[in-house]
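Examination of the molecular architecture
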Amino acid sequence: MRVLVTGHNGYIGSVMAPLFKLLGHGVVGLDTFYFGDCSFGEDPEWIPSLRRDIRDLGVTDLEGFDAVVHLAALCNDPLGDLNADWTYDINYTASVRLAELAREAGVGRFLYASSCSMYGAAAGEDVLSEEAPLRPITPYATSKVRTEEAVAKLATARFSPVFMRNATAYGLSPRLRADVVLNNLVCWAHTAARIRIMSDGTPWRPIVHVQDISRAFAAALVAPREAIHNEAFNVGSNGENYQVLELAEIVRAMVPGCKVEFGPGAGPDPRSYRVDFSKLGRALPDFRPQWNASFGAKDLYGALQQVGLSFADFQGRKYIRLNQFKHLLDSGQLDPTLRWTAGEPNVGGVALSDNGAR
């Protein structure tokens, strides 16, 4: 299968695209390379790719592909709070246009990386299925809701959108993020011998390893059309719903000598939701998550020890998305619309080719 993966050089994409390649798909990446110099350990595996902004694509860019896996997005609530227009421009407007172009180009399957954050401020202790009310409370989550609603209307007998509502990702990646909850707690424990919680610890968070996300998308890529056509799926595992304080205690028990503390102003967080993932298992019976919080935290902690991650690096721009965008804006490399000011840079010595898209 010929597959275009947008955002293939990001946190999830740099794990997912090589898996697709390993499974025998013809994979082409598409990325702006905002994080091209933000490697953790070795650079991601080389994938033939287009260095493009999804806002600037045309229908010819999508011709010849059997499927589009759309990961590219501004994936950070603080970034959305900094400028919500960026989030809506890229995550909503450009994403819907991408789906329209894909349909026009004859692409048969469109896997959209959505998010469980759309459930937002869930009521009580309910465990939420895909039919639960959507209560987004951030620009990021709102952009996901609006995109799902718009893209679902594009479904036809020949164009199958699929909405993969990922739980909060965690785990090792060549483009590591330290600003997602479990990774953040492990980085605090390793670099500071303390685990800082920025809420009161009570909010519920479903989490899922980047490798399990990648495997779920791989299964959806080849699933029978009738099993996935224009459907939404929560991506994760029923056993991986945690309160934030529970995750902190998992990390504390693993890292000798560290303690749990609450950050300045820590208090209730309205973003709290427990999620039911049963539908995914019914639709994709061959997919079974392989990771849990304990194994994933231990794996990440070992990698942090191996590279000797410092507190300064942890808090710097390479692993915190908001800090990287501020760096690129402050240094004049990005303009106020988040486009490169001098053309896309040659990052990481990666050879890129338009030939891969045909």
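The residue numbers shown here count from 1 along each chain, following its written sequence. Owing to the predicted nature of the model, reporting of local features is limited to residues with pLDDT of at least 70; listing and counting of side-chain atom pairs is limited to 80 or more, with chain, interface and lining totals taken over all residues. Neither water nor hydrogens contribute to the side-chain values; these are computed over all heavy atoms in the structure.

Overview of the overall build of the chain
Each helix is a run of H or I in the DSSP string that is no shorter than four residues. Each strand is a run of E no shorter than two, and both are numbered from the N terminus. From N to C terminus, the chain includes twelve helices and 14 strands. For the chain, whose C-alpha radius of gyration is 19 Å, the value lies close to the compact-globule estimate of 21 Å for 358 residues. Classification of residues uses two cut-offs on accessible area relative to the type maximum, computed with a 1.4 Å probe and protein chains only: under 20% is buried, over 50% is exposed, and between them is partly exposed. Looking at the chain residue by residue over its 358 residues, the buried ones come to 55%. Note on contacts: a residue pair qualifies if any of its non-hydrogen atoms lie within 4.5 Å across the two residues. Excluding contacts between residues fewer than 6 apart, the proportion of contacts in the chain whose partners are at least 24 apart in sequence is 82%. Restricting the calculation to C-alpha atoms gives the radius of gyration, and the globule rule supplies 2.2 Å times the number of residues raised to the power 0.38.

Observations regarding the side chain of Ser14
In this structure, Ser14 sits in helix 1 (residues 13-22). At a separation of 3.0 Å, a polar atom in the side chain of Ser14 contacts the side chain of Ser173. Among all residues touching Ser14, those that are not within four sequence positions of it are His8, Asn9, Pro44, Ser173, Pro174 and Arg175. Any pair of nitrogen or oxygen atoms within 3.5 Å is treated as a polar contact; in protein, a donor-acceptor pairing is required on top of that, and neighbouring residues in sequence qualify only through side-chain atoms on both sides.

Quick notes on the confidence of the model for the chain
Model confidence for the chain is summarised by a mean pLDDT of 92, while 95% of its residues fall at 70 or above. The predictor attaches a confidence to each residue, called pLDDT, with possible values from 0 through 100. In this model residues 347-358 is a low-confidence stretch, pLDDT under 50, and it forms 26 contacts with partners more than four residues away in sequence or in other chains.

Let's talk about the environment of Arg194
Its place among the elements puts Arg194 in strand 9 (residues 194-199). Among the residues examined, Arg194 registers a relative accessible area of 24% and is labelled partly exposed. Beyond its immediate chain neighbours, meaning those up to four positions away, Arg194 contacts Trp188, Ala189, Cys258, Lys259 and Glu261. A polar contact is formed between the side chain of Arg194 and the side chain of Glu261, at a distance of 3.0 Å.

Regarding the pairing of strand 11 (residues 232-235)
On a regular strand, each side chain points to the face opposite its neighbour's, so the side chains alternate between the two faces of the sheet. Covered by surrounding structure in strand 11 are Ala232 and Asn234 together with Phe233 and Val235, the residues of both alternating faces. Here strand 7 (residues 160-166) runs beside strand 11; their pairing, made up of four bridges, is parallel. For Phe163, the partnering residue across the bridge sits in strand 11 and is Ala232. Pairing between two strands is assigned when DSSP locates at least 2 bridges connecting them.

Observations concerning the packing of aromatic side chains
Centre distance within 6.5 Å is the pairing criterion for rings of Phe, Tyr and Trp, where only the six-membered ring of Trp is used; planes under 30 degrees apart are then read as stacked, over 60 as edge-to-face, and the remainder as tilted. The full count for this structure, using the stated rule, is ten aromatic pairs. Summarising the aromatic geometry, the rings of Tyr34 and Phe35 are spaced 6.2 Å apart at their centres and angled 80° between planes, so their arrangement reads as edge-to-face. Seen from their ring centres, Tyr112 and Phe163 are 6.4 Å apart, and the 80° between their planes marks the pair as edge-to-face. Taken together, the residues span a long stretch of sequence, with Tyr112 in strand 5 (residues 109-115) and Phe163 in strand 7 at a distance of 51 residues. Here the two residues Tyr112 and Phe163 agree in accessibility, since each one is buried. An aromatic cluster is built from Tyr34, Phe35, Phe325 and Trp340, whose rings are joined through pairwise contacts.

Re the environment of Ala17
Examined against the element boundaries, Ala17 turns out to sit in helix 1. On the accessibility criterion, Ala17 (0% relative accessible area) is buried. Spatially, the C-alpha atoms of Ala17 and Ser214 are 8.2 Å apart, while their sequence positions differ by 197 residues. Sequence-distant contacts of Ala17, that is, excluding residues within four places in its chain, are made with His8, Val27 and Ile47.

Quick notes on the pattern of salt bridges
It is possible for side chains of opposite charge to pair when their charged atoms get near one another. Whenever Lys or Arg places a side-chain nitrogen within 4 Å of a carboxyl oxygen from Asp or Glu, that contact is recorded as a salt bridge. Enumeration over the complete set of coordinates arrives at 15 salt bridges. In this structure, Glu148 and Arg165 form a salt bridge, with 2.8 Å as the shortest nitrogen-oxygen distance. Remark: Arg165 occurs in strand 7 and Glu148 occurs in helix 4 (residues 139-152); sequence separation between them is 17 residues. Considered together, Glu148 and Arg165 belong to a single accessibility category, that of buried residues. Here Arg271 makes a salt bridge to Asp269, at a shortest N to O gap of 2.9 Å. Residue Arg271 is classed as partly exposed on the basis of its relative accessible area of 28%. Look at Asp269 and you get buried, because its relative accessible area is 17%.

Overview of the sheet that holds strand 11
A sheet is described by the order of its strands in space; here seven strands give the open sequence 3-2-1-4-5-7-11, paired in parallel fashion. Bordering the open sheet on either side are strand 3 (49-51) and strand 11, each of which pairs with just one other strand. Neighbour-to-neighbour, the strand axes of this sheet turn through a mean angle of 20°, independent of strand direction. When strand 4 (residues 67-70) meets strand 5, the two strands line up parallel, connected through four bridges. Bridge pairing links Ala67 to Arg109 in strand 5. In this description, a line fitted to the C-alpha atoms serves as the axis of each element, helices being fitted only across the stretch in contact, and the angle between N-to-C directions of two axes falls anywhere from 0 to 180 degrees. In the packing of helix 1 onto the sheet, the strands contacted are strand 1 (2-6), strand 2 (26-31) and strand 4, and the crossing angle to strand 2 comes to about 165°. Seen against the sheet, helix 6 (residues 210-222) touches strand 1, strand 4, strand 5, strand 7 and strand 11 and runs at an angle of roughly 150° to strand 5.

Points about the packing of helix 5 (residues 181-192) against helix 10 (residues 293-307)
One can describe the packing of helix 5 onto helix 10 by two numbers: an axis separation of 10 Å at closest approach and a directional angle of 45°. In terms of their interaxial angle, helix 5 and helix 10 are classed as oblique. The two elements helix 5 and helix 10 meet at a crossing, and its hand is right-handed. Contacts between helix 5 and helix 10 involve Leu182, Asn183, Val186, Cys187 and His190 from the first element and Ala293, Ala297, Leu300, Tyr301, Leu304 and Gln305 from the second. Amino acids outside the nonpolar list (Ala, Val, Leu, Ile, Met, Phe, Trp, Tyr, Cys, Pro) and the charged list (Asp, Glu, Lys, Arg) are all regarded as polar, and Gly is one of them. Tallied by class, the residues present in the contact of helix 5 with helix 10 amount to eight nonpolar, three polar and no charged. Should an angle fall under 35 degrees it is taken as roughly parallel, and over 145 as roughly antiparallel, whereas 65 to 115 is taken as roughly perpendicular and any remaining angle as oblique. Note: crossing handedness is left-handed where the near helix turns anticlockwise from the far helix by less than a right angle, and right-handed where it turns clockwise.

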